[in-house]
Amino acid sequence: TLEAMAKTAHDLGKGIVAIKVGRSAEAQAATISHTASNAGSDTGADALLRRLGIARVDGLSDFVETLKLLDGVGPLAGNRIVSLSCSGGEASLIADLGLTRELEFTPLNEAQQAQLASLLGDGVTLANPLDYHTYIWGDDEMMGSVYTAMMQGEVDLGVVIVDFPRSDLCDPSAWKCVLNAVATTRCMTKQPLIISTSLPENIDEELICKLRADGTFVLCGLDETLIAIEAAARIGRAFAAPFPPPVWPTPKDGGGKIITEALAKVELLGAGVNVPASMLVNKIDQLEAALDQLAAPYVLKGQGWAHKTEAGAVALGLDDAAAVIAAAEDMARLHAAPDGYLVEEMIGIPLAELLIGVVADPAHGFVLTIGAGGIMTELIEDHVSLILPISEDDVRLALGQLAIAALFDGFRGKPPADKKAVIDVVMAIQSYVRTHRSSMKELEINPLIVAQNGATAVDALIRQGETI
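What you see is a predicted model, and the numbers here were worked out from it, not measured in a lab.

Asker: Looking at this structure, I do not really get the overall build of the protein chain. What am I missing?
Answerer: Across its full length, the protein chain holds 16 helices and 19 strands. With respect to the principal axes defined by its C-alpha atoms, the protein chain has extents near 90 × 50 × 35 Å. Each of the 468 residues in the protein chain was classed as buried or not, and the buried ones make up 49%. Contacts in the protein chain between residues far apart in sequence, at least 24 positions, make up 71% of those at least 6 positions apart. Split by element, the accessible area of the protein chain, about 21400 Å² in all, is 53% carbon and sulfur. Of the side-chain charges in the protein chain, 34 are positive and 61 negative, and the distance between the mean point of each set is 6 Å.

In structure tokens:
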């Protein structure tokens, strides 16, 4: 199996690179919830490969360059890189391309800045990526000193950007200074320093082979280089951690049945997830008595629809019994409420709203999705997917990867949202899925209202399938 192969590679310290082509149809039929639409089979595949420490790339050029980097340098201890070039355009380009990658251009420390200033003077802006300008070009000793200084900080890999002329049209000897500086730096620092061309074709294969024999590695194409570095860093992180436990098998494929929101919340409450105080009634004339046990303001929800808001089956901010009954009568004129009416105490203004969901993907296991919830689910693509089982640290890392992560640290003068409560909810959901994984097809909380202290599931969906 894929897991067994990945475990063997992990134990041997051998990186695996994969290209996944095609999109299977297993998970695309499950489109009842936002979780299902976000966590399709391709998302499940990506989450599984990440879990197993397999680097996924999208194209053949990326595939080849990543294999070259793993063969020549190996998995990287981290994602901190430095870049050197004699062109401001190249320095800016690699910085821009790096924005979409899990890479860090390590800031220069004080010692590096002092050393580079003494070498380059005031005419060069000292930064990473570094444009060291062309006026030191051809000075092997100066270039070697500059390269060496750049590699003295906290760095996992250095990249020298250089494009070589065609040997049949130009004399390439003028570019030998770069090769000498790279060799000097590698000897002085014992740190991995590679060459990257801006375009794949900007170096002869004969030169690549010669440099490879001398211990200098060349990656072809700047974008391909960054993809390869990102992949090698992911593999390195995976190797630094224990191999994950086996993925849970999912139930047999099939449509399954949706249980009501009221029953789903009873299930979640039993699993340790906080839900609003509520009462479920079958008829409108039972609502007034039910309100005696709840505190205003109220929320009223007609039961029997997967998408209640779109069906006009949700009314918020109801202050008294008359408003609740009027809202129920409006719902009744639009639709029947086949599963009755759920009236709840309304939760206050949130500091954050999250989507927490699980989908059983037959090809990859149980896919957990954490993302921006409420109306933000449809407005922005802000979610992270993982394969169960997971740890609290996995959840904490996933929350930090969201665009709304700043809400958990306090945003624009507001208090921080309760990250620990969110982690507890996710772990409770995992425990629930573990217990019911023989029949669990889908579970979603959206939104999970996160306050300064605590988190509450104000809407929930559970779909059950045929038992394994």
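There's more to say after this.
Asker: So what exactly am I meant to see when it comes to helix α10 (residues 222-240) here?
Answerer: In an α-helix, one turn spans 3.6 residues; hence positions three or four apart end up facing the same way. With 19 residues, α10 should cover 27 Å at 1.5 Å per step; its first-to-last C-alpha distance of 27 Å lies within 8% of that length. A large share of α10 lies buried, amounting to 15 of its 19 residues.

Asker: Can you help me understand the side chain of arginine 51 in this one?
Answerer: With respect to the helices and strands, arginine 51 occurs in helix α3 (residues 41-51). Comment: no salt bridge for buried arginine 51; closest opposite-charge side chain is glutamate 3, at 5.3 Å. Within the local environment of arginine 51, its side chain forms a polar contact with the backbone oxygen of proline 389, the two atoms lying 2.6 Å apart. Those residues in contact with arginine 51, other than ones at most four positions away along the chain, are Pro244, Pro245, Pro246, Val247, Ile387, Leu388, Pro389 and Ile390.

Asker: Where do I start with unusual backbone geometry in this structure?
Answerer: The phi torsion of most residues other than glycine is negative, and most of the peptide bonds are trans. Of note, the amide linkage connecting asparagine 128 to proline 129 takes the cis form, showing an omega dihedral of 5°. Looking at the secondary structure, you find proline 129 in the loop between α6 (110-120) and β5 (130-131). With omega at 5°, the peptide bond leading from leucine 388 into proline 389 counts as cis. Within the element layout of this structure, proline 389 appears in the loop between β16 (383-387) and α15 (392-400).

Asker: How should I be thinking about the packing of aromatic side chains in this particular structure?
Answerer: Two descriptors summarise a pair of aromatic rings, namely the distance from one centre to the other and the angle between the planes of the rings. Counted by the stated rule, this structure contains two aromatic pairs. Centroid distance tryptophan 137 to tryptophan 175: 6.2 Å. Interplanar angle 80°. Geometry classified as edge-to-face. Of the two residues, tryptophan 137 sits in the loop between β5 and α7 (140-150) while tryptophan 175 sits in the loop between β6 (157-161) and α8 (176-189), which places them 38 residues apart along the sequence. By relative accessible area, which is 27% here, tryptophan 137 ends up partly exposed. Looking at arginine 437, its charged tip hangs above the ring of tryptophan 248, at a distance of 5.3 Å from the centre.

Asker: Any chance you could explain the pairing of strand β2 (residues 54-57) here in plain terms?
Answerer: The side chains of a regular strand alternate between both faces of the sheet. Judged by which residues are buried, β2 turns out to be covered on both faces: Ile54 and Arg56 on one side and Ala55 and Val57 on the other are all buried. Two elements, strand β1 (residues 16-19) and β2, share four bridges in a ladder whose sense is parallel. Looking at β2, one finds that alanine 18 is bridged to arginine 56.

Asker: Honestly, the environment of isoleucine 462 in this entry has me stumped. Any pointers?
Answerer: In this structure, isoleucine 462 sits in strand β19 (residues 460-464). Judged by its relative accessible area of 0%, isoleucine 462 falls in the buried class. Through-space distance from the C-alpha of isoleucine 462 to that of aspartate 11 is 38 Å; in sequence the pair is 451 residues apart. Setting aside residues no more than four positions away along its own chain, isoleucine 462 makes contact with Lys257, Ile258, Ile259, Ala264, Glu267, Tyr432, Met440, Glu442 and Leu443.

Asker: I keep staring at the confidence of the model for the protein chain and nothing clicks. Help me out?
Answerer: For the protein chain, the average pLDDT comes to 90, and 93% of its residues sit at 70 or higher. Confidence over residues 26-31 falls short of pLDDT 50; this stretch has 12 contacts with residues more than four positions distant or in other chains.

Asker: Help me out: how do you make sense of the pattern of salt bridges in this one?
Answerer: It is possible for side chains of opposite charge to pair when their charged atoms get near one another. Using the criterion set out here, one finds 23 salt bridges in the structure. Here lysine 68 makes a salt bridge to glutamate 65, at a shortest N to O gap of 3.0 Å. On the criterion of helical spacing, the pair formed by lysine 68 and glutamate 65 is a turn pair, its members being three residues apart in helix α4 (residues 60-72). Owing to a relative accessible area of 26%, lysine 68 belongs among the partly exposed residues under this scheme. Judged by its relative accessible area of 8%, glutamate 65 is buried. One network of salt bridges, with partners in common, ties together Lys20, Asp42, Asp46, Arg50, Arg56, Arg101, Glu102, Glu230, Arg234 and Arg237.

Reading the values: rules and limits
- Residues numbered from 1 in each chain as written.
- Predicted model: local features only at pLDDT ≥ 70, side-chain atom pairs only at ≥ 80, totals over all residues.
- Heavy atoms only, no water.
- Helix = DSSP H or I, 4+ residues; strand = E, 2+ residues; numbered from the N terminus.
- Buried < 20%, exposed > 50% of the residue type's maximum accessible area, 1.4 Å probe, protein only.
- Contact = heavy atoms within 4.5 Å.
- Areas by Shrake-Rupley, 256 points an atom, 1.4 Å probe, with all protein chains shown as cover.
- Lys, Arg positive; Asp, Glu negative; His and termini not counted.
- Charge placed at Lys NZ, Arg CZ, Asp CG, Glu CD.
- Expected span 1.5 Å × (residues − 1).
- Salt bridge = Lys/Arg side-chain N within 4 Å of Asp/Glu carboxyl O.
- Polar contact = N/O pair within 3.5 Å; in protein donor to acceptor, adjacent residues only side chain to side chain.
- Phe/Tyr/Trp six-rings, centres within 6.5 Å; stacked < 30°, edge-to-face > 60°.
- Lys NZ or Arg CZ within 6 Å of the ring centre and 35° of its normal.
- Pairing = 2+ DSSP bridges.
- pLDDT = per-residue confidence, 0-100.

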